[in-house]
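Structural overview
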Amino acid sequence: MGKREKPVVSCDSDKDEDLRDKYVALQEEFTTFQQSVREREQRITAFIGALPDLGFILDEDGRYIEVLTGAPELLIYEPSKIRNQTVRDIFPEEQAETFIAVIKRTLESNSLQIIEYHLEVPAGKRWFEARLTPVKLPEGKPTMVVCLARDVTDRKRLEDKYHKYEFIANTSKHTMTLISRDFVYEAVNAQFCVSHKKKREEILGQSVADVWGKTTFETYIKPHLVACFRGEAVEQYQAEIEFPALGPRYFDVSCNPYRNPEGEVTHAVIVSRDISKRKQLEDELHKIQRLESIGVLAGGIAHDFNNFLTGMMGNISLAKIKIVDNDDVVEILSRAETASLRARGLTKQLLTFSKGGAPLKQAVSIMELIDELTSFILSGSKSTFRAEHVSNLWSVQCDEGQICQVLQNLIINADQSMPEGGIITIRTENKIVDESEMSALAAGNYIHISVTDEGVGISTQQLEKIFDPFYTTKEKGRGLGLAVVYSIVRGHDGHITVESYPNAGTTFHIYLPADLSARKLSHKKGDVAESTKAGRILVMDDEDCVRDVAVAILDNLGYEVNAVKDGVEAIRTYKDARKAGKPYDLVILDLTIPGGMGGKAALANLRTFDPDVKAIVSSGYADDPVFSEFREHGFAASVPKPYLANELTKTVDRIISGSE
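Rules of the game
- Residues numbered from 1 in each chain as written.
- Predicted model: local features only at pLDDT ≥ 70, side-chain atom pairs only at ≥ 80, totals over all residues.
- Heavy atoms only, no water.
- Helix = DSSP H or I, 4+ residues; strand = E, 2+ residues; numbered from the N terminus.
- Contact = heavy atoms within 4.5 Å.
- Areas by Shrake-Rupley, 256 points an atom, 1.4 Å probe, with all protein chains shown as cover.
- Buried < 20%, exposed > 50% of the residue type's maximum accessible area, 1.4 Å probe, protein only.
- pLDDT = per-residue confidence, 0-100.
- Expected span 1.5 Å × (residues − 1).
- Salt bridge = Lys/Arg side-chain N within 4 Å of Asp/Glu carboxyl O.
- Axes fitted to C-alpha atoms, helices over the stretch in contact; angles between N-to-C directions.
- Parallel < 35°, antiparallel > 145°, perpendicular 65-115°, else oblique.
- Left-handed = near helix turned anticlockwise from the far one by under 90°.
- Nonpolar A, V, L, I, M, F, W, Y, C, P; charged D, E, K, R; others polar.
- Pairing = 2+ DSSP bridges.
- Core = buried A, V, L, I, M, F, W, Y, C linked by side-chain atoms within 4.5 Å.
- Phe/Tyr/Trp six-rings, centres within 6.5 Å; stacked < 30°, edge-to-face > 60°.
- Lys NZ or Arg CZ within 6 Å of the ring centre and 35° of its normal.
- Right-handed = clockwise from strand over helix to strand, strands pointing away.

Let us now look at the overall build of the protein chain. When helices and strands are tallied, the protein chain shows 20 helices and 22 strands. Sequence-distant contacts, at least 24 apart, represent 61% of the contacts inside the protein chain between residues at least 6 apart. Surface exposure of the protein chain reaches about 36800 Å², of which carbon and sulfur atoms provide 51%.

Right under this line is the structure:
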């Protein structure tokens with residue numbers, strides 16, 4: 001083949017030669033530009049293909065113009081099958097309409113829009129975050145958008161896990177907080193916000209000192225945070241903290257260090273558990289234990305003392321009866337009798353919070369009891385009384401004497417707190433208590449009695465000890481009044497609380513179980529039956545002085561009386577009398593005989609051969625249910641020691657005459 005000839009271009013002039021050169025130059029420049037564009041497209045395609053994101057170009061109708069990705073497993077179809085499809089062909093109907101609306105919003109606002117969506121792809125169900133940007137044109141409105149969609153499935157799973165933990169934290173009744181090393185709150189749960197009566201945004205970013213106050217922070221919180229930031233876990237220390245919404249509360253607090261991936265302590269996690277109810281129950285238990293310990297001692301002393309008092313009071317009563325025409329001696333004996341009655345009142349108070357304070361319950365109208373008591377107690381006082389009763393007040397099953405003692409102590413205290421006089425208000429109402437309302441009470445129906453005065457009030461320090469035995473704020477007080485009140489109320493399965501502020505008065509709240517089955521009753525007693533002054537009586541008691549005075553009292557009134565010292569002797573004497581044809585009409589049995597057979601066992605033996613035996617149980621203190629529930633154990637009545645002559649004879653007359 002010959003040498004290729006260069007084409008000959010004919011030119012009519014030099015001008016044509018210039019045009020030819022320019023054409024050739026333009027052609028070469030265009031070829032170079034095309035090559036540059038192809039190389040740029042290749043680089044862009046390679047760049048997008050290397051990204052984990054999905055790249056799309058869509059028109060205003062949601063049609064896919066271009067599809068580019070380096071993660072084809074995230075596409076529902078191959079790119080070639082997606083091009084020229086619309087989002088309606090790819091997404092479920094509801095999602096498709098949402099996506100098209102975002103495309104239109106992107107074009108109309110000519111600005112970036114972001115949307116999250118999920119789709120089932122070959123790799124499984126995945127979540128995507130799509131960023132839509134309008135394709136800006138030199139002239140006119142944009143008609144296409146560029147969409148970059150990133151797989152955010154792992155992030156969504158983490159967020160879901162975070163929301164679950166957040167839900168757990170926010171539904172917890174414990175307060176939970178995350179505190180930075182500079183003592184600033186970075187996270188708090190809902191209970192913490194409720195406790196402080198603040199919104200979360202009002203707490204986050206605030207210092208612990210600002211939220212709690214400098215004193216509380218420095219005293220109760222900072223030392224534990226400092227230890228925590230040293231890497232020490234502080235487990236369950238207890239603190240009494242004043243909450244804006246809850247008032248003073250007791251908390252078990254744990255403080256644990258939070259470490260970042262490098263192992264550095266960056267935060268402290270504090271969890272506080274409200275133990276106020278538990279603390280209240282513990283305090284109640286400790287109070288009961290203190291009362292029981294003192295009660296054991298007091299009961300033993302009072303029991304022996306009551307035996308001695310029985311001899312004193314009985315003999316004084318007899319002396320008054322036998323003294324004739326000597327008013328001076330009678331007056332002296334009356335004063336001695338009054339003193340012995342006051343001594344009996346003291347032992348009765350001791351016994352009330354000892355194990356011997358079991359109440360003798362019967363249906364009682366609290367309204368009548370209150371009205372009668374106040375008119376008597378406040379006679380001659382500068383204070384006035386105001387009663388506020390509901391019309392349909394329930395009855396209560398209670399020991400009338402003990403509840404009288406409760407009301408009397410509270411009314412007297414209220415009167416004494418107002419030296420210049422004032423108003424004492426007693427309110428009664430029916431109260432239904434649920435399980436969550438009062439930790440110290442079982443759910444049920446109660447009578448709520450409140451006694452309010454306008455007096456000097458009680459300080460916070462005194463309130464903590466107000467029901468403790470032998471604690472008193474009075475110069476001449478014995479410290480038994482409110483301890484007795486507390487014990488009586490608890491003995492009735494009730495509860496008592498107090499609220500007071502210095503110079504702002506005091507209110508005691510009493511809750512007693514209601515008796516809805518009882519008809520409206522009066523607490524007033526009937527008359528005592530006439531004395532018969534005839535019959536044979538056997539007295540059993542281990543104390544000589546008690547036996548002697550009982551025999552003297554009953555003998556003086558015409559009864560034929562014998563006395564023995566224990567149950568074995570009582571059984572033998574009773575049997576012998578029956579065999580001799582001189583049976584006893586009544587036996588008076590001491591409940592407790594140290595080292596010997598007491599009244600309960602003696603009566604059980606007597607009933608084996610005389611089922612109709614009439615018996616009265618007597619005791620210096622009734623720490624046994626027999627005394628409070630005497631009828632259930634076969635006794636006809638009970639006589640507490642010490643007793644006056646007329647108190648013993650009235651009971652004896654009633655049983656022998658059959659009026660019981």
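Attention now goes to the side chain of Thr651. Inspection of the secondary structure assignment puts Thr651 in helix H20 (residues 645-657). For Thr651, a relative accessible area of 9% translates into the label buried. Apart from the residues lying within four places of it in its own chain, the contact partners of Thr651 are Ile616, Ala637 and Val639.

Looking at the protein chain, the pLDDT average stands at 79 and 80% of residues meet or exceed 70. Within the model, the stretch residues 519-532 combines pLDDT values under 50 with 24 contacts to residues more than four positions away or in other chains.

A positive phi is found at Asp493, a non-glycine position, where the angle reads about 60 degrees. Relative to the helices and strands, Asp493 resides in the loop between helix H15 (481-491) and strand E16 (495-500). Unlike most non-glycine residues, Asn503 shows phi in positive territory, near 65 degrees. The residue Asn503 is located in the loop between E16 and strand E17 (506-515) in this model. You can call Asn503 exposed: its relative accessible area is 68%.

With 13 residues, helix H16 (residues 544-556) should reach 18 Å at 1.5 Å per residue; the first-to-last C-alpha distance of 18 Å fits that figure. Phi for Gly558, located one or two positions after H16, is positive at around 105 degrees.

As enumerated under the stated definition, the model contains 15 salt bridges in all. Put simply, Arg230 and Glu232 hold a salt bridge, and the shortest N to O gap is 3.3 Å. Look at Arg230 and you get exposed, because its relative accessible area is 56%. Close ionic contact of Asp610 with Arg578 constitutes a salt bridge, the shortest N to O distance being 3.3 Å. Here the residue Asp610 occupies a position in the loop between helix H18 (599-609) and strand E21 (615-619), and Arg578 occupies one in helix H17 (residues 567-579), the gap between them amounting to 32 residues. According to the relative accessible area criterion, Asp610 is buried, its value standing at 11%. The class of Arg578 is partly exposed, set by a relative accessible area of 37%. It is possible to trace a salt-bridge network through shared partners that takes in Glu116, Glu129, Arg155, Lys156 and Glu159.

Where H17 contacts H18, the two axes come as close as 9 Å, and the packing angle between them is 25 degrees. In terms of axis orientation, H17 runs roughly parallel to H18. With respect to the hand of their crossing, H17 and H18 are arranged in right-handed fashion. Counted together, Gly567, Ile571, Tyr574, Lys575 and Arg578 of H17 and Ala602, Asn605, Leu606 and Phe609 of H18 form the full contact between these two elements. Here the contact of H17 with H18 is built from residues that sort into 5 nonpolar, 2 polar and 2 charged.

The strand order across the open sheet built from 5 strands is E19-E18-E20-E21-E22, with neighbouring strands paired in parallel fashion. Looking at strand neighbours, the two that pair on one side only are strand E19 (560-564) and strand E22 (637-640), the edges of this open sheet. In this sheet, neighbouring strand axes are inclined to one another by 20 degrees on average, regardless of whether the strands run parallel or antiparallel. By the bridge criterion, 4 bridges tie E21 to E22 in an arrangement that is parallel. When the sheet's bridge partners are listed, Ser619 is paired in E22 with Pro640. Against the sheet, H17 touches strand E18 (536-540), E19 and strand E20 (586-590), its axis set at about 165 degrees to E18.

H20 packs onto H16 with a crossing angle of 65 degrees between their chain directions and a minimal axis gap of 10 Å. Classified by the angle their axes make, H16 and H20 are roughly perpendicular. The crossing of H16 and H20 is right-handed. On H20, the residues that touch Ala550, Ile553 and Leu554 of H16 are Ala645, Leu648, Thr649 and Val652. Residue composition of the contact of H16 with H20, by class: 6 nonpolar, 1 polar and no charged.

Bringing the nonpolar core into the picture now. Ile403, Leu407, Leu410, Ile449, Ile496 and Ile510 are the most contacted members of the largest nonpolar core, which has 36 residues in total. Counting residues per element, the ones that place at least two in this core are helix H12 (366-377), strand E13 (395-398), helix H13 (400-416), strand E14 (423-433), strand E15 (444-452), H15 and E17. Among the elements that make up this core, the one with the highest residue count is H13 (7 residues). What Ile403 contacts, discounting residues up to four positions off in sequence, is Ile366, Leu369, Cys398, Ile488, His492 and Leu512. With 28 residues, the next largest nonpolar core counts Ala71, Leu75, Phe99 and Leu107 among its residues.

The description of two aromatic rings rests on the distance between their centres and on the angle between their planes. This model, assessed by the stated rule, comprises 11 aromatic pairs. Their ring planes at 70 degrees and their centres at 5.5 Å tell us that Phe183 and Phe217 sit as a pair that is edge-to-face. Placement of Phe183 in the loop between strand E6 (175-180) and strand E7 (185-188) and of Phe217 in helix H9 (residues 214-229) is noted, with a sequence separation of 34 residues between them. Here a set of aromatic residues connected by ring pairs shows up, and it is made of Phe91, Phe99, Tyr117 and Phe128. When the ring centre of Trp127 is taken as origin, the NZ or CZ atom of Lys156, which lies over that ring, is 4.5 Å away. A cation over a ring is seen here: Arg536 above Tyr584, with NZ or CZ 4.5 Å from the ring centre.

Right, let's get into the pairing of E18. Among the 5 residues that make up E18, 5 are buried, leaving the element largely enclosed by the rest of the structure. Of the two faces of E18, the one lined by Arg536, Leu538 and Met540 and the one lined by Ile537 and Val539 are each fully buried. As paired elements, E18 and E19 share 5 bridges and run parallel to each other. Across the sheet, residue Met540 finds its bridge partner in E19, namely Val564. Taking the sense of rotation as the criterion, the β-α-β connection linking E18, H16 and E19 turns out right-handed. Where E18 meets E20, 4 bridges bridge the pair, whose relative direction is parallel. Its bridge partner being in E20, Val539 is matched across the sheet by Ile588.

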